[in-house]
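# Structural overview for review
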Amino acid sequence: MSDFRTRWLAFHNRHIEPVSKEIFSHVEKMVIGTLIISAGAHVSSDEPSIVLFGYLRHGLVGRGVELFGIILLLLNFINGLYKLAKLEWHVAFQVAMSFCYIILSARLIQLILAFRGE
């Protein structure tokens, strides 16, 4: 019984733990990027009651925040694609994962915008 436990712990430490850390790291960065994009979209679509830096227009600030969030998402996407390419998996799997990332990011942005307070 202890031999099985030792082999399982070795397998977990070598294979499962690094993969789960990478997945949660990318999901965390994706959620942060989508929150930033959603915040920018909210500021640029409505005239919020707060004053942003006095002279700047809300639409301009909102578009800048959206651009920053898009850049973060693109950097996270490129980083993930680079790490997938190093694993030498089939190209179809890499393309499928790319589509999943893009679709999930867009759906998260829509979900966050749908739940914003009005």
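Heads up: the structure comes first, above all this text.
First things first, this report covers the structure right here in the doc.

Scoring rules and cut-offs
- Residues numbered from 1 in each chain as written.
- Predicted model: local features only at pLDDT ≥ 70, side-chain atom pairs only at ≥ 80, totals over all residues.
- Heavy atoms only, no water.
- Axes fitted to C-alpha atoms, helices over the stretch in contact; angles between N-to-C directions.
- Helix = DSSP H or I, 4+ residues; strand = E, 2+ residues; numbered from the N terminus.
- Parallel < 35°, antiparallel > 145°, perpendicular 65-115°, else oblique.
- Left-handed = near helix turned anticlockwise from the far one by under 90°.
- Contact = heavy atoms within 4.5 Å.
- Nonpolar A, V, L, I, M, F, W, Y, C, P; charged D, E, K, R; others polar.
- 1 Å grid on protein atoms, 1.4 Å probe; cavity = no way out; pocket = protein on both sides within 12 Å on 5 of 7 lines; lining within 4 Å.
- Points joined across faces, edges and corners; volume = space filled by probe spheres on them.
- Core = buried A, V, L, I, M, F, W, Y, C linked by side-chain atoms within 4.5 Å.
- Buried < 20%, exposed > 50% of the residue type's maximum accessible area, 1.4 Å probe, protein only.
- Salt bridge = Lys/Arg side-chain N within 4 Å of Asp/Glu carboxyl O.
- Expected span 1.5 Å × (residues − 1).
- Phe/Tyr/Trp six-rings, centres within 6.5 Å; stacked < 30°, edge-to-face > 60°.

### Quick look at the packing of helix H1 (residues 2–45) against helix H3 (residues 91–114)
The geometry of H1 relative to H3 is characterised by a closest axis approach of 9 Å and an angle of 45° between their N-to-C directions. When the axis of H1 is compared with that of H3, the two are oblique. Crossing of H1 against H3: the hand is right-handed. Where H1 abuts H3, its residues Met30, Val31, Thr34, Leu35, Ile37, Ser38, Ala41 and His42 lie against Tyr101, Leu104, Ser105, Leu108, Ile109, Ile112 and Leu113. Class assignment of the residues belonging to the contact of H1 with H3 gives a composition of eleven nonpolar, four polar and no charged.

### Here we look at the layout of surface pockets
If you add up the space inside the largest pocket, you get close to 700 Å³. Lining the largest pocket are 25 residues, and of these Ile23, His26, Gly80, Leu84 and Met97 sit closest to its centre. Listed by contribution, the elements that provide at least two residues to the lining of the largest pocket are H1, helix H2 (58–86) and H3. Ranked by residue count, the leading element in the lining of the largest pocket is H1, at nine residues.

### Quick word on the nonpolar core
Met30, Ile37, Leu73, Phe77, Tyr101 and Ile109 together form the largest nonpolar core, which totals six residues. Every element with two or more residues in this core is listed here: H1, H2 and H3. Residue contacts for phenylalanine 77: discarding those within four places in its chain leaves Ser98, Tyr101 and Ile102.

### Quick word on the pattern of salt bridges
This structure, assessed with the given rule, holds four salt bridges. Among the ionic pairs, arginine 7 bridges to aspartate 3, the shortest N-O distance being 3.9 Å. Of this pair, arginine 7 and aspartate 3 both sit in helix H1, four residues apart, which is roughly one turn of that helix. Take arginine 7: its relative accessible area is 53%, and that puts it in the exposed class.

### Describing H3
Look at H3: 35 Å from first C-alpha to last across 24 residues, which is about the 34 Å you get at 1.5 Å a residue. Those residues of H3 lying buried are Gln94, Ser98, Tyr101, Ser105 and Ile109.

### Focus: the packing of aromatic side chains
Counted under the stated rule, the structure contains two aromatic pairs. Note on tryptophan 8 and phenylalanine 11: the rings are 5.9 Å apart at their centroids and 35° apart in plane angle, and the pair reads as tilted. In this pair, tryptophan 8 and phenylalanine 11 are both assigned in helix H1, three residues apart and thus about one turn of the helix distant. Residue class for tryptophan 8 comes out partly exposed when judged on its relative accessible area of 42%. Ring centres 5.4 Å apart and planes at 40° place the aromatic pair phenylalanine 77 and tyrosine 101 in the tilted group. Residue phenylalanine 77 is found in helix H2, and its partner tyrosine 101 is found in helix H3; the two are separated by 24 residues along the sequence. Note on accessibility: phenylalanine 77 and tyrosine 101 belong to one class, buried.

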